[in-house]
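Below are the chains, spelled out letter by letter.
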Amino acid sequence: AVPTAEQFESSERAWSERLQLEAEDAEHHRCVERRGRLDRAGLLDALTPAAGRAVVSGVGLDATKSIVALRAWQAARMTPPWLVLSGNFGCGMSVAAAVAVVDYPGSAVYVSSAAMVPTFAARYGDAFEQRERVVGCGFLVLDDPGSMDETPAELAIISNALIELLDARKTPRR
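None of these values were measured; they are calculated from a predicted model.

A few points about the side chain of Arg131
At step 1: With respect to the element layout, Arg131 can be found in helix α6 (residues 125–136).
At step 2: Among the residues examined, Arg131 registers a relative accessible area of 13% and is labelled buried.
At step 3: Leaving out residues up to four positions away in the same chain, Arg131 has contacts with Thr119, Phe120, Ala122, Arg123 and Glu164.

Below is the structure:
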């Protein structure tokens, strides 16, 4: 039997609604995955709620200089194997770092400069485990190096921690 026009329209509406629900479900899963990547990297708490929502959804990201630099670096197939974002407070560097983390296909870790020193001074415990995560991850975001008010002694400790970090990550895959 040939379907009537009403049956055809009803069937087409049902099919369209199903496709819409499937698209919404896929988008929801994508957002959950992106949020999980931020959380696993340790970056979720470093963002404002609005910035976190923008990074997770991919909607509402301003085309800041940091985002533009990130996109250019990604288009160059992440060559060189590091990305340096520099600028004043509030210019979007942490947001660009978060976007880089959710876009990166492998393991990513975020660590603030302030947290790096005790991490690299540790020889056991939780901080040592964090050190192993930082050294072993595929993509490392080191936030705000040089932003702290350091005494000469603290600057020497931070410099040593950076040198140790760079030496530890000297492998072809990083």
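Quick notes on the environment of Ile157
At step 1: The residue Ile157 is located in helix α7 (residues 152–168) in this model.
At step 2: With relative accessibility at 46%, the residue Ile157 sits in the partly exposed group.
At step 3: It is 33 Å that separates the C-alpha atoms of Ile157 and Thr64, two residues lying 93 residues apart in sequence.

Quick notes on the nonpolar core
At step 1: Of all hydrophobic cores here, the largest spans 25 residues; its most connected members are Leu38, Leu47, Val55, Val101 and Phe139.
At step 2: Broken down by secondary-structure element, the contributors of at least two residues to this core are α1 (5–41), α2 (49–57), α3 (65–75), α4 (93–103), β1 (108–112) and β2 (139–143).
At step 3: Per element, the largest residue contribution to this core is eight residues, and it comes from α4.
At step 4: Leave out the neighbours within four places in its chain, and Phe139 touches Trp73, Ala100, Val101, Tyr104, Ser107, Ala108, Val109 and Arg169.

Quick word on the side chain of Arg37
At step 1: Within the secondary structure layout, Arg37 lies in helix α1.
At step 2: Within the buried core, Arg37 has no salt-bridge partner, and the shortest N-O distance to an opposite charge, that of Glu33, equals 4.4 Å.
At step 3: Within the structure, the side chain of Arg37 is placed 3.4 Å from the backbone oxygen of Val102, a separation counted as a polar contact.
At step 4: Setting aside residues up to four positions removed in sequence, Arg37 forms contacts with Val101, Val102, Tyr104, Pro105 and Gly106.

What counts, and where the lines are drawn
Residues numbered from 1 in each chain as written. Predicted model: local features only at pLDDT ≥ 70, side-chain atom pairs only at ≥ 80, totals over all residues. Heavy atoms only, no water. Helix = DSSP H or I, 4+ residues; strand = E, 2+ residues; numbered from the N terminus. Buried < 20%, exposed > 50% of the residue type's maximum accessible area, 1.4 Å probe, protein only. Contact = heavy atoms within 4.5 Å. Core = buried A, V, L, I, M, F, W, Y, C linked by side-chain atoms within 4.5 Å. Lys, Arg positive; Asp, Glu negative; His and termini not counted. Salt bridge = Lys/Arg side-chain N within 4 Å of Asp/Glu carboxyl O. Polar contact = N/O pair within 3.5 Å; in protein donor to acceptor, adjacent residues only side chain to side chain.

All we've got here are geometric facts, nothing functional implied.
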